[in-house]
Amino acid sequence: MKEIQDFNQRLAKQRKFSTILVGVLLASGFTTAVPMFNDSIKHQETLFCNAKTECRFSSIKRGISYLIDKERRNQLFDDNIHVLRILPPEDDKAFVWGLVSSLFLLTAYAVSKTLTDSQEKAIHSQFKLLKIKALENDLLEQTHIDLFEFSKQNQAEITKQAIARQTSETIQAMKSEAELQLDHLNGQLQGELSLKSHELQISELSKQIAENLLSEAETKRKLDKLNKPMQDTKQPTADEQLKQSLIDALKAHEDGYLWKIINSLKPLWLIGNQGSGKTYTATAIALIRKYCLDAPIHQLIDRHATGDNADVWKLLEATSKAESEFEISQAFDECCERWLTRIKQKPTTKQQVIVDEFTNLKSLCGESAIAFFKMSLTDTRKAKEYLLGITHNATNESFPDGTAAARKAGTILLEKFSANGETPLFRVVVRYGLVDEQGNNLDDVEKTLPDWFHPEKIYQHFNGKPIEL
C-alpha cells in the first residue's frame, strides 16, 4: 500500500512541475505574440489626406505603406491624395517575436505531451508490477499448501509402514519352529521360480530381437536390389542430358511446331529462293535427328556433295554419297528397293536420306527420280526412314506431275526466305503438313526458327560446347 502512495505522490509532483512549466511557456508564447496582432508595430505606415481638402485632424488618414504603394499605381488615386509623412514600424523585429512565440507554444505542447505519455507508461508498468506480485503471492501460498499436504501424506504413510512392520514382527514371533522352517522353504521356492521366470523372459526377448534383426537384414537386401536399377535410370548420362535440353528447347519454341516436324516420319521438303539458307536448315534438322532420334545419315544425294556444300555436309558424316548423274540414279533405285526390304523386316532402328536440288535431278534422272518420289510418299514412314529433300519451289517443275494431292496429304512443306537473296531470315512458312490438337490441317502458318538453329552450333552442342538454351 505504501508503494502505491509513493507512486501517486511522485506522479503528483511531476504534474505540478509540468503544469507550472507549461503555464510559463504559454504565457511567454502569448506575450511574445502580441506584436503580431498590431500592423503599426510590424509594418511601415503612410500618413495621407485628400488633395482637395485641408489636411488637418480627422481628414488625415493612415495606411500600411506597401498597400498604399499598390494603390498609387492607379493614376487617379495618386492624383487625389497628398502624402504627408512616412512612419517607420514601431518594432521591426515583430516577426522574430512571432517565431519565438510559436517556439514557446510548441515547447509547451511537447512538455505536456511528454508528461502525459510518461505517466501513462508509468501507470501501466505499475499495474503490471502489482499483478505480478499478486500472482507471486498466490503461487507462494499454493506452494505452502501443497508442501503441507505432502508432509501430511508422508507422515501417514510412515505410520502405516511402522504399524505393518510391528504387526509382521509380532506374527513372526508367535510362529512355531515348524512354521518358520516351512516359511523358509516357501521363500526358497518362490525365489527359484522368480529367477527361472526372469531367465525365460530374457530368452524370449533375445529370440525376438534375433528374429527382428534377421527380418530387417532381409528387407534391406531386397530394397537394395530393387533400388539399384531405379538409381541407375534416375541418373541420365551427359549425352542424354544434352539431348533432353535440346528437345525441351524445341518443344518450348512456338508451341513446339519445329519438334513436331523433326520428329515426324513424313517426308520433309524445304523450298525457297537462292540465299534463303535451305541447305543450312536441312543440315541442322538432320543433325538433330541424328543426335536426338538416333537416326544416322545413311545416304546423301547431292550433285555438289563434295563441292559448294562440302563444308556443311561434312558435319553429317553420311554413310554413302551420290554425286554424279549415274550415282544419283542408282541411289534412287537403291532407295526404292531398300524401303521395300525394310518394310518386310519391320525395322526397329531409324536412318535418314537427304536429297538436295531435286528440281534439277527430276530432269536429269527421269524415271528413277519420279519413282523415287512417288514411293517416298508411302514407303518412308513404314520403312522408318526420314526423307529430307531440298528444292526451289512447290510447283510441278520441282515435283512429278499428278502428285499435288498426294504431296499435300503425305508430306510436310517448309518454305525459307531471304532478305536480299543472300541473307537468310529466321522467318519460315509451313505451307502444309501440320495439324492442330483436333487433327485439323494447318496451312500457310507463319513461324520462325530459333536464333541458335544453325548446324555448327548444334554440332558443337554435342561435341564439347553446349548451346545456352
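Here the structure is shown first, and the text comes after it.
Read on for an overview of the structure. Nothing here was measured: the structure is a model prediction, and the numbers come from that model. (Residues numbered from 1 in each chain as written. Predicted model: local features only at pLDDT ≥ 70, side-chain atom pairs only at ≥ 80, totals over all residues. Heavy atoms only, no water.)

**Topic: the overall build of the protein**
Secondary structure assignment for the protein yields 15 helices and 13 strands. For 469 residues, the compact-globule estimate of 2.2 N^0.38 gives 23 Å, and the C-alpha radius of gyration of the protein, at 55 Å, exceeds that figure by more than 25%. Across its three principal directions, the C-alpha atoms of the protein cover 155 × 130 × 40 Å. Looking at the protein as a whole, 32% of its 469 residues are labelled buried. Put simply, 68% of the contacts in the protein that link residues at least 6 apart link residues at least 24 apart. Just so you have it, the protein exposes about 30,700 Å², and 56% of that area is on carbon and sulfur atoms. Across the protein, the centroid of the 60 positively charged side chains sits 5 Å from that of the 65 negatively charged ones. (Helix = DSSP H or I, 4+ residues; strand = E, 2+ residues; numbered from the N terminus. Rg over C-alpha atoms; globule rule 2.2 N^0.38 Å. Buried < 20%, exposed > 50% of the residue type's maximum accessible area, 1.4 Å probe, protein only. Contact = heavy atoms within 4.5 Å. Areas by Shrake-Rupley, 256 points an atom, 1.4 Å probe, with all protein chains shown as cover. Lys, Arg positive; Asp, Glu negative; His and termini not counted. Charge placed at Lys NZ, Arg CZ, Asp CG, Glu CD.)

**So, the sheet that holds strand E6 (residues 320-322)**
Spatially, eight strands are ordered E6-E5-E7-E8-E4-E9-E10-E13 in an open sheet, and the strand pairing comes out mixed. Two strands bound the open sheet, and with one partner strand each, they are E6 and strand E13 (445-448). Each neighbouring strand pair of the sheet contributes to a mean axis angle of 20°, computed without reference to strand direction. Relative to strand E8 (residues 385-390), strand E7 (residues 351-355) runs parallel, the two being bridged by five bridges. Paired with isoleucine 354 across the two strands is leucine 388, which belongs to E8. Along the sheet, helix H9 (residues 278-292) contacts strand E4 (268-271), strand E5 (297-301), E7, E8 and strand E9 (412-418); its crossing angle with E8, the most-contacted strand, is approximately 170°. (Pairing = 2+ DSSP bridges. Axes fitted to C-alpha atoms, helices over the stretch in contact; angles between N-to-C directions.)

**Digging into the packing of aromatic side chains**
In the structure shown here, the tally under the stated rule is 11 aromatic pairs. Here tryptophan 269 and phenylalanine 399 contribute two aromatic rings whose centre-to-centre distance is 5.2 Å and whose plane-to-plane angle is 90°, an arrangement assigned as edge-to-face. Highlighted residues: tryptophan 269 in strand E4 and phenylalanine 399 in the loop between E8 and helix H14 (404-410), separated in sequence by 130 residues. Exposure remark for tryptophan 269: the relative accessible area of 1% places this residue in the buried category. With a centroid separation of 6.2 Å and 70° between ring planes, the pair formed by phenylalanine 332 and phenylalanine 358 is classed as edge-to-face. (Phe/Tyr/Trp six-rings, centres within 6.5 Å; stacked < 30°, edge-to-face > 60°.)

**A look at the side chain of lysine 447**
As for its placement among the helices and strands, lysine 447 is situated in strand E13. No salt bridge is formed by the buried lysine 447, whose closest oppositely charged neighbour, aspartate 255, lies at an N-O distance of 4.5 Å. With residues near it in sequence (within four places) discarded, lysine 447 still touches Glu254, Tyr257, Phe426, Arg427, Val428 and Val430. (Salt bridge = Lys/Arg side-chain N within 4 Å of Asp/Glu carboxyl O.)

**Some thoughts on the state of the cysteines**
A covalent bond between the sulfur atoms of two cysteines is what we call a disulfide. Taken as a whole, this structure holds one disulfide when the rule is applied. Two residues, cysteine 49 and cysteine 55, share a disulfide whose sulfurs are 1.6 Å apart. Judged by the sign of its S-S torsion, about 40°, the bond between cysteine 49 and cysteine 55 is right-handed. The closest cysteine sulfur to the non-disulfide-bonded cysteine 335 is located on cysteine 336, 6.8 Å from its own sulfur. Residue classification places cysteine 335 among the buried positions, given a relative accessible area of 0%. (Disulfide = S-S within 2.5 Å.)

**Focus on the sheet that holds strand E3 (residues 81-87)**
With respect to topology, three strands assemble into an open sheet ordered E2-E1-E3, the strand pairing being antiparallel. Looking at which strands have only one partner, the edges of the open sheet turn out to be strand E2 (61-64) and E3. The sheet shows a mean angle of 30° between the axes of neighbouring strands, taken without regard to direction. Pairing of strand E1 (residues 45-50) with E2 involves four bridges; the strand directions are antiparallel. Within E2, the position partnered with leucine 47 by the bridge is arginine 62.

**Quick notes on the pattern of salt bridges**
For side chains of opposite charge, pairing can occur when their charged atoms come near one another. All chains considered together, the criterion is met by 12 salt bridges. Taken together, the shared-partner salt bridges connect Arg338, Arg342 and Glu385 into one network.

**Describing the packing of helix H7 (residues 238-252) against H9**
The geometry of H7 relative to H9 is characterised by a closest axis approach of 10 Å and an angle of 130° between their N-to-C directions. One way to sum up the angle between H7 and H9 is to call them oblique. Seen from above, H7 lies across H9 with left-handed handedness. For the pair H7 and H9, the contacting residues are Lys243, Leu246, Ile247 and Leu250 in the first and Ile288, Tyr291 and Cys292 in the second. Residues that form the contact of H7 with H9 fall into these classes: six nonpolar, no polar and one charged. (Parallel < 35°, antiparallel > 145°, perpendicular 65-115°, else oblique. Left-handed = near helix turned anticlockwise from the far one by under 90°. Nonpolar A, V, L, I, M, F, W, Y, C, P; charged D, E, K, R; others polar.)

**A look at the nonpolar core**
Counting residues in each nonpolar core, the largest one holds 46 residues, and the members touching the most others are Ile262, Ile288, Phe453 and Ile458. With eight residues, H9 is the largest single contributor of residues to this core. Those residues in contact with phenylalanine 453 that lie beyond four places of it in its chain are Leu250, Leu258, Ile262, Thr281, Ala284, Ile285, Ile288 and Ile458. Counting 24 residues, the second-largest nonpolar core is a separate cluster that includes Val355, Ala369, Leu377 and Phe399. (Core = buried A, V, L, I, M, F, W, Y, C linked by side-chain atoms within 4.5 Å.)

**Here's the deal with the packing of helix H11 (residues 325-345) against helix H12 (residues 358-365)**
Put simply, H11 and H12 touch, their axes get as near as 10 Å, and they point 90° apart. When the interaxial angle is binned, H11 and H12 end up roughly perpendicular. Residues Glu325, Ile328, Ser329 and Phe332 of H11 form the contact with H12, whose participating residues are Phe358, Leu361, Leu364 and Cys365.

**Comments concerning H11**
Because each turn of an α-helix spans 3.6 residues, side chains separated by three or four positions in sequence point in the same direction. For H11, which comprises 21 residues, the first-to-last C-alpha distance of 30 Å matches the rise-based estimate of 30 Å (1.5 Å per residue) to within 8%. Those residues of H11 that sit buried are Ile328, Ser329, Ala331, Phe332, Cys335, Cys336, Arg338, Trp339 and Arg342. Each element contacted by the buried residues of H11 is listed here: E5, E6, E7, H12, helix H13 (367-383) and E8. At the C-terminal side of H11, lysine 346 shows a positive phi close to 50°. (Expected span 1.5 Å × (residues − 1).)

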